Amino acid sequence: MTQHLQRRLTPRHITFMALGMAIGAGLFLGSADAIKLAGPSVLFAYLFGGVMIFIIMRALGEMTVRDPVAGSFSVYARRYLGPFAGFVTGWNYWLLMVGVGMAEATAVGAYMHEWFPDWPRWIWVLGSVLMIGGLNLLTVKIYGEMEFWFTLIKVLTVLAMIAGGLCIIFLGWGNGGQPTGLSNLWSHGGWFPHGLTGMVLALPVVVFSFGGVETVGIAAGEAEQPERTIPRAVNSVLWRILIFYVGALFVIMAIYPWTGLGEHGSPFVTTFAKLGIPQAAGLINFVVITAALSGFNSTTFSGSRMLYSLASKGQAPAVLAKVNTHGVPMRAILITLMVLLLAVLLNYLLPAKVFGIMMSILSFNTVWTWSMVLLAHYSFRRQLRQRGEAPAAFRLRCWPFTGVLCLAFLGFVVVMLGVSPDTRVALYVGAAWIALLSVTYKVFGVRQRIVMQDALPAAA
């Protein structure tokens, strides 16, 4: 067996992985929740949240270009913040990926239920686990190709909706030749119908829409040219958000009063139907299924690679660090898939509640991961300064101000999680999970294994 992962992901794969993780099912169906909270000011919330995510990705990208490893931020947390931080961050992210994978598989079941209402949802969930699991057990290049095509479908759909929507707004297509104009953006209570408070309340919803973009750091360990592809993927984060979130929602809220969005299904369906496409509902259902499979594909990849990295650093059973002749960590993938099968059981017992439960609980894990990225980067920069080394050309600008600002923002998001009764459970479950990891770290002597692993000579 080989000893390492193989660098088989091309620049095209990495770029579309980053693009795909920013365009999920939340944009097609979940954005209505943020619009209800903020009205048209949700555009500013997405823009501000996008800037914060760009800061996080820039910090992660700076460390990744310098040291492209599979464990990414878990390795950086261990190196710059200590063994305990790396251990907790790695296992926390693995749980996050498993949980999001369960939610995405659940989404596939829900969307397939629209076409086959007589079939139980858990059958489609099981099918998605087996299909995506099988793809991930093949070479990493096949995974990259599948993610490329999944993402291309989503991108083309959003761009078609934006282009068609602009024709409705300015040319009157599908509206009897009468342009709708932009007045819907301010004619129903103004830009801030619920005041500044509404926009602030929408920020946690907005931020979690971007969860998963950090997968780019995980993929760096298998990228052919990480020094070139990672900066390109990171720098594209902001314009992706501007086009695919701000652009799409701007068009939708200009065509339809925001007060009625979500009452007649997905606004994407309504827009395509208005353009004279009678199969709009089926088309969007297909695209949303693709989006969910794409998210499931990426979370399975990221979760298994994090488990592989933990094992290779003495933070998980060493047997999980084995890879096959194609450089695929099959055992880490199989363990991740076994846990993902819990989604089948949950969909059998609680088919209507699984998605909401998983996403509300896992919000804490997302904030923890991003916070560790920023804290590790802060320590990384301080060490560079102490050694008298200048940062690389690709770096987080205006440091440390930008990093501190983003940490304050994430702290605010945690406070907002506690304010809402619907999301407060995330703090309870998150605190219990961190406590469990702390006990595990202490009782099973993980620190000693990490120190011993670090003392071993590097493999040839």
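Residues numbered from 1 in each chain as written. Predicted model: local features only at pLDDT ≥ 70, side-chain atom pairs only at ≥ 80, totals over all residues. Heavy atoms only, no water.

**Regarding the nonpolar core**
In step 1: Counting residues in hydrophobic clusters, the biggest one holds 133 residues, and the most contacted among them are I14, Y46, I53, W91 and M253.
In step 2: Discounting chain neighbours no more than four positions away, the residues touching M253 are I35, G39, P40, V42, L43, N184, L185, W258 and L261. (Core = buried A, V, L, I, M, F, W, Y, C linked by side-chain atoms within 4.5 Å. Buried < 20%, exposed > 50% of the residue type's maximum accessible area, 1.4 Å probe, protein only. Contact = heavy atoms within 4.5 Å.)

**Description of the side chain of R305**
In step 1: Mapped onto the fold, R305 is located in helix α13 (residues 280-312).
In step 2: Engagement of the side chain of R305 in a polar contact is seen with the side chain of S304, the distance being 3.2 Å. (Helix = DSSP H or I, 4+ residues; strand = E, 2+ residues; numbered from the N terminus. Polar contact = N/O pair within 3.5 Å; in protein donor to acceptor, adjacent residues only side chain to side chain.)

**Side note on the confidence of the model for the protein**
In step 1: In the predicted model, the protein carries a mean pLDDT of 82, and the fraction of residues at 70 or more is 87%.
In step 2: Note that residues 456-460 has pLDDT below 50 and, in this model, two contacts with residues that lie over four places away or in other chains. (pLDDT = per-residue confidence, 0-100.)

**Regarding the pattern of salt bridges**
In step 1: In this structure the tally under the stated criterion is four salt bridges.
In step 2: In this structure, the salt-bridge partner of E389 is R387, at a minimum N-O distance of 2.8 Å.
In step 3: With a relative accessible area of 32%, E389 lands in the partly exposed category.
In step 4: What you see here is one network of salt bridges that share partners, running through R66, R387 and E389. (Salt bridge = Lys/Arg side-chain N within 4 Å of Asp/Glu carboxyl O.)

**Focus on α13**
In step 1: End to end, α13 covers 48 Å across 33 residues, agreeing with the expected 48 Å (1.5 Å per residue, within 8%).
In step 2: Burial analysis of α13 places 29 of its 33 residues in the buried class, which makes it a mostly covered element.
In step 3: Phi turns positive, to about 80°, at G314, one or two residues after α13. (Expected span 1.5 Å × (residues − 1).)

**Here we look at the packing of helix α3 (residues 42-66) against helix α8 (residues 195-209)**
In step 1: Contact geometry for α3 and α8: axes closest at 9 Å, N-to-C directions at 50°. Judged by the inter-axis angle, α3 sits oblique to α8. Viewed along their axes, α3 and α8 form a crossing whose handedness is right-handed. Residues V42, F44, A45, Y46, F48 and I53 of α3 pack against M199, L203, V206, V207 and S209 of α8. (Axes fitted to C-alpha atoms, helices over the stretch in contact; angles between N-to-C directions. Parallel < 35°, antiparallel > 145°, perpendicular 65-115°, else oblique. Left-handed = near helix turned anticlockwise from the far one by under 90°.)

**Brief notes about the environment of F192**
In step 1: Take F192: it is sitting in the loop between α7 (140-171) and α8.
In step 2: Take F192: its relative accessible area is 38%, and that puts it in the partly exposed class.
In step 3: Separated by 152 residues in sequence, F192 and P40 have C-alpha atoms that sit 6.7 Å apart.
In step 4: In contact with F192, other than residues within four places in its own chain, are S41, F44 and M199.

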